[in-house]
Amino acid sequence: MHYITPDLCDAYPERVQVVEPMFSNFGGRDSFGGEIVTLKCFEDNSHVREQADQPGHGKVLVVDGGGSLRCALLGDMIAEKAAKNGWEGMVIFGCVRDVDVLAQTDLGVQALASHPLKTEKRGLGDVGKVVTFGGVTFRPGEFIYADNNGIIVSPSALKMPD
């Protein structure tokens with residue numbers, strides 16, 4: 001499905017929240033959306049890998065990495081695994097790496113920046129918690145939509161207007 005966030009904002013102005021404009025598109029999908037699955041982790045992508053291993057059809061992984069710009073929470077191997085398992089996309093409040101491969105992967109990826117350094121694997125992080133960044137609170141089970149215009153969140157699924 002192709003989403004256009006300005007059209008969704010126009011059609012549902014009282015139902016959407018707009019994430020502050022700080023993210024860039026790194027994935028092979030310019031547009032993506034789905035049910036929110038949350039993960040809070042800081043400079044440790046152990047749980048990002050675990051979530052990518054799960055079935056993700058119709059879902060978007062929202063990763064609160066604390067805005068760290070010191071290492072990458074997502075790289076090509078995890079992104080390819082997520083795409084294979086049907087994830088629609090990932091929104092990373094942190095960095096990604098392997099950006100040339102990410103751009104060729106059938107996965108939406110929005111992140112703050114690219115960084116070549118991988119994280120340490122310490123098994124730290126919380127899945128399924130409410131997280132807040134970019135002026136928006138992300139709740140598991142709500143919906144997120146992203147394209148090159150920005151990222152929006154809604155308490156329920158939105159349909160593209162005709």
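Rules of the game
Residues numbered from 1 in each chain as written. Predicted model: local features only at pLDDT ≥ 70, side-chain atom pairs only at ≥ 80, totals over all residues. Heavy atoms only, no water. Buried < 20%, exposed > 50% of the residue type's maximum accessible area, 1.4 Å probe, protein only. Helix = DSSP H or I, 4+ residues; strand = E, 2+ residues; numbered from the N terminus. Pairing = 2+ DSSP bridges. Core = buried A, V, L, I, M, F, W, Y, C linked by side-chain atoms within 4.5 Å. Contact = heavy atoms within 4.5 Å. 1 Å grid on protein atoms, 1.4 Å probe; cavity = no way out; pocket = protein on both sides within 12 Å on 5 of 7 lines; lining within 4 Å. Points joined across faces, edges and corners; volume = space filled by probe spheres on them. Nonpolar A, V, L, I, M, F, W, Y, C, P; charged D, E, K, R; others polar.

## Side note on the pairing of strand E7 (residues 108-114)
Then, number 1: Among the seven residues that make up E7, five are buried, leaving the element largely enclosed by the rest of the structure.
Then, number 2: Both strand E2 (residues 24-25) and E7 contribute to a ladder of two bridges, which runs antiparallel. Following the sheet pairing, Ser24 is matched in E7 by Ala111.
Then, number 3: Across six bridges, the pairing between strand E6 (residues 89-96) and E7 is parallel. Bridge assignment links Val91 to a residue of E7, and that residue is Gln110.

## Here we look at the nonpolar core
Generally speaking, nonpolar side chains in soluble globular proteins are found buried as a group.
Then, number 1: Of all hydrophobic cores here, the largest spans 21 residues; its most connected members are Val48, Leu61, Val63, Leu74, Met90, Ile92 and Val96.
Then, number 2: Elements represented by at least two residues in this core include exactly strand E3 (32-40), helix H2 (46-52), strand E4 (59-64), strand E5 (72-74), helix H3 (76-84), E6 and E7.
Then, number 3: Beyond its immediate chain neighbours, meaning those up to four positions away, Leu61 contacts Val37, Leu39, Val48, Gln51, Trp87, Gly89, Met90 and Val91.
Then, number 4: Within the second largest apolar cluster, 17 residues are counted, among which are Phe32, Phe93, Phe133 and Ile144.

## Digging into the layout of surface pockets
To find leftover empty space, a probe the size of one water molecule is rolled over the atoms.
Then, number 1: The calculated volume of the largest pocket comes to roughly 190 Å³.
Then, number 2: Elements with a minimum of two residues in the lining of the largest pocket: helix H1 (5-11), E2 and strand E12 (150-154).
Then, number 3: Broken down by element, the lining of the largest pocket gets its largest block of residues, three residues, from E12.
Then, number 4: Its residues placed into classes, the lining of the largest pocket shows eight nonpolar, seven polar and two charged.
Then, number 5: Approximately 150 Å³ is the volume attributed to the second largest pocket.

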